[in-house]
Amino acid sequence: MLDELGWRAERTPDSTGRVDLRGVLPLHSLPVLLAWLGTGHGREQADQCLRRELGEKLATIARTGPDALIAAAAFAHVRTVVEKLAAPTPDRPCWQTRWFEILDLAPGALQDHLAALAADPDVPGVCSATWLDISRGQVGATTIAPQTRHLSTAATAMPGMPVIPSRQMSRR
């Protein structure tokens, strides 16, 4: 499918042969790509991606991979956000859009584990952020990535961050 759209990977496949969906494709192919992403077919689902990423990050940052907790966790789809096309800039010579699946972690053992890691001063790679922290783009001295603003339905701008309008798509 991606080859037919003229897509070129931005990164090389990982050791398992997986390719991240960061890449470049002709602008005229974008509507077809977005329609395909919206179907959810033939790609890693949002909860699968989140489980994989959580396992990878926690194994690296917290030196722990709570695989059983991650596997047992329940996630609820909240919304899908597709950012509007951003025009090329001198440091990024192409149009850009991003697709975010916003999922909510249900209360349970994984949530408790993450909260304990965030409270542990020996685990600096995990933090707990309030809505105010997210709106500011900072937790203490730690900068939070700009896309975290999509966690809030208000999607308020963070100081120093460009406001990127988004359109919210209905749940699948």
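Please read all numbers here as calculations on a predicted model, not as lab measurements.

### Describing the overall build of the protein chain
A count of helical and extended segments in the protein chain gives six helices and seven strands. Ordering the α and β elements of the protein chain from the N terminus gives α-β-β-α-α-α-β-β-α-α-β-β-β. Burial status across the protein chain gives 27% buried among its 172 residues. Excluding contacts between residues fewer than 6 apart, the proportion of contacts in the protein chain whose partners are at least 24 apart in sequence is 47%. Total accessible area computed for the protein chain in this model is approximately 11,000 Å², and 57% of it derives from carbon and sulfur atoms.

### Considerations on the nonpolar core
Side chains of nonpolar character tend, in soluble globular proteins, to be buried together. Grouped together as the largest cluster of nonpolar side chains are 13 residues, with contacts concentrated most on Leu58, Phe75, Leu110 and Leu117. Breaking this core down by element, the ones donating at least two residues are helix 3 (46–61), strand 4 (99–105) and helix 5 (109–119). Here this core takes three residues from helix 3, the largest share from any one element. Other than its neighbours up to four places away in sequence, Leu117 contacts Leu58, Ala62, Val123 and Val126. Within the second largest apolar cluster, ten residues are counted, among which are Leu5, Trp7, Leu30 and Trp36.

### Quick look at the side chain of Asp133
Residue placement: Asp133 occurs in helix 6 (residues 131–136). There is a polar contact of 2.9 Å between the side chain of Asp133 and the backbone nitrogen of Thr130. The contacts of Asp133, once residues within four sequence positions are left out, are Ser128, Gln138, Val139 and Ile144.

### Points about helix 3
With 16 residues, helix 3 extends 22 Å from end C-alpha to end C-alpha; this agrees with the ideal 22 Å at 1.5 Å per step. Burial in helix 3 covers these residues: Ala46, Leu54, Gly55 and Leu58. Seen end-on, helix 3 carries its buried residues on one side only, within an arc spanning 165°. Buried-residue contacts for helix 3 involve helix 4 (67–72), strand 3 (75–83), strand 4 and helix 5.

### Let's talk about a nonpolar patch on the surface
Together, Leu27, Leu85 and Trp95 make up a nonpolar patch on the protein surface, roughly 300 Å² of accessible area in all. Here Leu27 shows up in the loop between strand 2 (23–24) and helix 2 (30–39).

### Observations concerning helix 2
Among all positions in helix 2, only Leu30, Leu33, Leu34, Trp36 and Leu37 are buried. For helix 2, the angular spread of the buried residues around the axis is 160°, confining them to a single face. Positioned one or two residues after helix 2, Gly40 has a phi angle of 80°, which is positive.

### Overview of the pattern of salt bridges
Oppositely charged side chains can pair when the atoms bearing their charge come close. Summed over all chains, the structure comprises six salt bridges. Glu53 is the partner of Arg52 in a salt bridge, and the nearest nitrogen-oxygen pair spans 3.1 Å. Owing to a relative accessible area of 24%, Arg52 belongs among the partly exposed residues under this scheme. One salt bridge in this structure joins Glu56 and Arg52, with 3.5 Å as the shortest N-O distance. Placement of both Glu56 and Arg52 in helix 3 is noted, with a separation of four residues, approximately one turn of the helix. When its relative accessible area of 36% is taken as the criterion, Glu56 is described as partly exposed.

Basis of the calculations
Residues numbered from 1 in each chain as written. Predicted model: local features only at pLDDT ≥ 70, side-chain atom pairs only at ≥ 80, totals over all residues. Heavy atoms only, no water. Helix = DSSP H or I, 4+ residues; strand = E, 2+ residues; numbered from the N terminus. Buried < 20%, exposed > 50% of the residue type's maximum accessible area, 1.4 Å probe, protein only. Contact = heavy atoms within 4.5 Å. Areas by Shrake-Rupley, 256 points an atom, 1.4 Å probe, with all protein chains shown as cover. Core = buried A, V, L, I, M, F, W, Y, C linked by side-chain atoms within 4.5 Å. Polar contact = N/O pair within 3.5 Å; in protein donor to acceptor, adjacent residues only side chain to side chain. Expected span 1.5 Å × (residues − 1). Arc of directions from axis to C-beta. Patch = residues over 30% accessible without salt bridge, like charges linked within 9 Å, V, L, I, M, F, W, Y side chains within 5 Å. Salt bridge = Lys/Arg side-chain N within 4 Å of Asp/Glu carboxyl O.

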